[in-house]
Amino acid sequence: MTIPEAFKDQEIFLTGASGFVGKALLEKLLRSCPTLGKIYVLMRPKKGQTIEERLQLQWESKLYERVRREQPDSLSKVVAIAGDVEQLGLGISEADLERLKNVNIVYHSAASVRFDDPLRTAILMNTRGTHELIKLALGWRKLKTFVHVSTTYANPSVLEVEERVYPPLADWRTTIKLAETYDEETLNIYNLKYGNFQPNTYTFTKSLAEQICNDYRDQLPIFIFRPSIVVSTIEEPMPGWADNFNGPTGLLVACGTGILRSQNCDPNIVYDFVPVDVVSRTLITAAYKFISEAKLRQERKAKGGESEIYVINCATSNISPITIGEVIEIGKTFIRKNPFEKTLWLPGGSMTTCPVLHFIRFCTMHLLMAVVVDTLLRLYNEKPFLMKLQRRIFAAFSALQIFAMTEWKFQNNNFRALHDLVPKNEVVTFGFMQHANINSVDFFQHGIRGAKEFLLHESPDSSKAARFRMKIFLVLDFLCRGIVYSFLLRLIFRFLVSLW
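Chemist: Help me out: how do you make sense of the pattern of salt bridges in this one?
Modeler: Any two side chains of opposite charge can pair if their charged atoms end up close together. Within the structure shown, the criterion is met by 24 salt bridges. Where Asp243 meets Lys23, a salt bridge forms, and the shortest distance between an N and an O atom there is 3.1 Å. Of this pair, Asp243 sits in the loop between β8 (229-231) and α11 (248-256) while Lys23 sits in helix α2 (residues 20-32), and the two are 220 residues apart along the sequence. On the basis of relative accessibility, which here comes to 25%, the residue Asp243 falls in the partly exposed class. Its salt-bridge partner being Glu180, residue Arg128 comes within 3.0 Å of it at the nearest N-O pair. Placement of the pair is Arg128 in helix α6 (residues 119-137) and Glu180 in helix α7 (residues 172-181), with a sequence separation of 52 residues. Residue classification places Arg128 among the buried residues on the basis of a relative accessible area of 8%. It is possible to trace a salt-bridge network through shared partners that takes in Glu27, Lys28, Arg31, Arg66, Glu70, Glu235, Glu236 and Arg281.

Rendered as structure tokens:
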């Protein structure tokens, strides 16, 4: 059975369809599994915009350009379901629940990925939302597989992460009850203590969601899929596509615009990045494996064998390792050749593991520049923005501090084995190990071009004005450095003369 055959006429329920992973997965399913049945996508209505209008706007984006060309009628297979992961029963109406009763495959990728969310919000969305969906899935008699999208960082205190569920940090039932009982302010007071001093609410609530999946492993055909840091596409539907500034993309854009000059992190740490199209391929292949092995699992269960939940660490640092320092150097080199249109200063900056040195740099290079730029904007009757942006950058890096100074190793035998499961004639479509020897320079250059096009809405290739501006910044940067170094040498000389 080929992979498209396994998905033939199957009905799929997808949460998080408007998120980064969800968008890529929806595109890949429609394009590469053209004979599937319906894809029901959970969408939250927004003020002044219906779920159908939200779906149509998403469909018209450039990400779906290829599938619109190759499978022009595929949108008719996508059905928007009004709901909200934070609500009981996901906020789905009885009429829509009736439409979902024949669902065969569930992809649960909806989650709040903000690390600074209040504890109550993170619990209701990431933990209770998972339980609410599982309770619905228990009534879907034709369900073949339930894919819970977690994260490799769900257990941040474990530095070598195996493909298994770890002991709970708290009782998930009690945690949900607390979120339903107490207000946001009260829960925030007990956040660190109750969360077992986890670095943020995201990893804590995602680890609890894994406990829920583990507890229901004998009642549902469920497994856990853990991607690491998801970044822009490596190949399809086009290289470099992304829809957010998370991970290295945000770093490269901030450095490229001259806003970020200092980072308190270890440049020698190997970060684990996985392209979003690799994630979508393996999500499909993993579901294919689970469907194919359904009889085997039933036989094992009939014999009374104790089952462990299947876990996949979708991680690549032991396949294509690269340090964050190397990523930044690639970015600085390429951005100077192909600069952003809105650049405040020469792309540069550096990393340091010394918090004191970083603080000094932050005050002089970040805050001082923000004061100067915002003052100039006020003089020209323009709205100041840089100081506010620097505060957001500071808050974001504070939340990410542990990830900037810690290196994790992820075992990924189950992940690697998925490639071997792909039929030979489908490796081009669903395989991923063919990208094992990735050219990091080309990949991150495509990522920068993608950031220009899809995030900053600029042309992928810089204008003459932007390149000319970059030459001016090179000269100004050289002059400023010369003035500063001359001033420092003069101070040192005067000090030495006074000692003499």
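Chemist: Teacher, can you tell me more about the environment of Thr343 here?
Modeler: As for its placement among the helices and strands, Thr343 is situated in the loop between α14 (324-337) and β12 (350-352). Each C-alpha atom, one on Thr343 and one on Ile259, is 8.3 Å from the other, the two residues being 84 residues apart in sequence. Dropping the residues within four chain positions of it, Thr343 is found in contact with Gly256, Thr257, Arg469, Met470 and Phe473. A polar contact of 2.9 Å, which involves the side chain of Thr343, links it to the backbone oxygen of Phe340.

Chemist: Explain the sheet that holds strand β5 (residues 145-149) to me, please; I cannot follow it from the model alone.
Modeler: Paired through backbone hydrogen bonds, the strands of a sheet run either parallel or antiparallel to each other. Taken in spatial order, the 7 strands make up an open sheet running β3-β2-β1-β4-β5-β7-β11, and their pairing is parallel. The sheet is open, and its two edges are formed by β3 (78-82) and β11 (310-314), each paired on a single side. Neighbour-to-neighbour, the strand axes of this sheet turn through a mean angle of 20°, independent of strand direction. Bridging between strand β4 (residues 105-108) and β5 involves 4 bridges; their strand directions are parallel. Residue pairing for β5: Tyr107 is matched across the bridge by Val147. This element, helix α10 (residues 201-215), spans β5 and β7 (222-227) of the sheet and lies at about 165° to β5.

Chemist: So what exactly am I meant to see when it comes to unusual backbone geometry here?
Modeler: Excluding glycine, residues mostly have negative phi values, and the peptide bonds linking residues are mostly trans. Omega for the bond connecting Glu236 with Pro237 falls within 30 degrees of zero, at 0°, which places this linkage in the cis form. Structurally, Pro237 can be placed in the loop between β8 and α11. Its identity is not glycine, yet Asp9 carries a phi of approximately 60°, on the positive side. Mapped onto the secondary structure, Asp9 falls in the loop between α1 (3-6) and β1 (12-15). Here Asp9 falls in the exposed class, since its relative accessible area comes to 54%. Not every positive phi belongs to a glycine, and Leu90 is a case in point at roughly 60°. When you line up the elements, Leu90 lands in the loop between β3 and α5 (94-99). Residue classification places Leu90 among the buried residues on the basis of a relative accessible area of 0%.

Chemist: Would you explain the side chain of Thr151 in this entry?
Modeler: Note that Thr151 resides in the loop between β5 and β6 (160-161). The class of Thr151 is buried, set by a relative accessible area of 5%. Contacts of Thr151, omitting those with residues within four sequence positions, involve Tyr202, Lys206, Glu210, Arg226 and Pro227.

Chemist: Got a minute to help me understand the packing of aromatic side chains in this structure?
Modeler: Geometrically, a pair of aromatic rings is defined through the distance of the ring centres and the angle of the planes. Throughout the structure, instances matching the rule amount to 17 aromatic pairs. When the ring of Tyr194 is compared with that of Phe204, the centres are 6.1 Å apart and the planes differ by 90°; the resulting orientation is edge-to-face. Placement of the pair is Tyr194 in helix α9 (residues 191-194) and Phe204 in helix α10, with a sequence separation of 10 residues. In this structure Tyr194 comes out as partly exposed when scored by relative accessible area, which is 26%. For Phe204, a relative accessible area of 1% translates into the label buried. With a centroid separation of 5.9 Å and 65° between ring planes, the pair formed by Tyr271 and Phe273 is classed as edge-to-face. Judged by relative accessible area, Tyr271 falls into the buried class, the value being 13%. Taken together, the aromatic side chains of Tyr153, Phe403, Trp408 and Phe410 make up a single cluster linked through ring pairs. Across the ring face of Tyr166, the terminal group of Arg164 is positioned such that the distance to the ring centre comes to 4.1 Å.

Chemist: Whenever I open this one, the side chain of Ser109 confuses me. Can you help?
Modeler: Residue position: Ser109 is located in the loop between β4 and α6. The class of Ser109 is buried, set by a relative accessible area of 17%. There is a polar contact of 2.6 Å between the side chain of Ser109 and the backbone oxygen of Thr15. In this view, Ser109 contacts Leu14, Thr15, Gly16, Gly22 and Val149; residues no more than four positions away in its chain are not counted.

Reading the values: the criteria
Residues numbered from 1 in each chain as written. Predicted model: local features only at pLDDT ≥ 70, side-chain atom pairs only at ≥ 80, totals over all residues. Heavy atoms only, no water. Salt bridge = Lys/Arg side-chain N within 4 Å of Asp/Glu carboxyl O. Helix = DSSP H or I, 4+ residues; strand = E, 2+ residues; numbered from the N terminus. Buried < 20%, exposed > 50% of the residue type's maximum accessible area, 1.4 Å probe, protein only. Contact = heavy atoms within 4.5 Å. Polar contact = N/O pair within 3.5 Å; in protein donor to acceptor, adjacent residues only side chain to side chain. Pairing = 2+ DSSP bridges. Axes fitted to C-alpha atoms, helices over the stretch in contact; angles between N-to-C directions. Phe/Tyr/Trp six-rings, centres within 6.5 Å; stacked < 30°, edge-to-face > 60°. Lys NZ or Arg CZ within 6 Å of the ring centre and 35° of its normal.

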